[in-house]
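In case you want the letters, here they are:
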Amino acid sequence: MTREELDRLTLDEMCDRVMNATDISNQEWHDIHRWILDYLKTNPPEKEQRKIYPLGILEVVSMMID
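What you see is a predicted model; the values in this text were computed from it and never measured. (Residues numbered from 1 in each chain as written. Predicted model: local features only at pLDDT ≥ 70, side-chain atom pairs only at ≥ 80, totals over all residues. Heavy atoms only, no water.)

1. Describing the nonpolar core
- If you look at the biggest cluster of nonpolar residues, it comprises 16 residues, and the most contacted ones within it are Leu11, Met14, Val18, Ile32, Ile36, Ile52 and Ile57.
- Of all elements in the fold, only α2 (11-20), α3 (26-40) and α5 (57-65) reach the threshold of two or more residues within this core.
- For this core, the element with the most residues is α3, which contributes five residues.
- Not counting residues within four places of it along the chain, the set of residues in contact with Ile36 comprises Ile52, Ile57, Leu58 and Val61. (Core = buried A, V, L, I, M, F, W, Y, C linked by side-chain atoms within 4.5 Å. Buried < 20%, exposed > 50% of the residue type's maximum accessible area, 1.4 Å probe, protein only. Helix = DSSP H or I, 4+ residues; strand = E, 2+ residues; numbered from the N terminus. Contact = heavy atoms within 4.5 Å.)

2. Quick word on the pattern of salt bridges
- Applying the stated criterion across every chain yields a total of eight salt bridges.
- Its salt-bridge partner being Asp23, residue Arg17 comes within 3.2 Å of it at the nearest N-O pair.
- Between Glu46 and Arg50 there is a salt bridge, with its nearest N and O atoms 3.5 Å apart. In this pair, Glu46 and Arg50 both sit in helix α4 (residues 46-52), four residues apart, roughly one turn of the helix.
- One network of salt bridges, in which partners are shared, links Asp7, Arg34, Asp38 and Lys41. (Salt bridge = Lys/Arg side-chain N within 4 Å of Asp/Glu carboxyl O.)

Structure below.
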């Protein structure tokens, strides 16, 4: 997915992409990481934050880009 396509995803769609996609490129992992960090700057509700961390998609993405 392009960065523009990623920017249009909802949190649930991003979670599905991270947890189920098998075709994510190295660049896309970095773009997803940026998307997550930008999303967290919006101060989402706690219920949404739990989908990201701890043990959420941020941990998966962090392992992939390390």
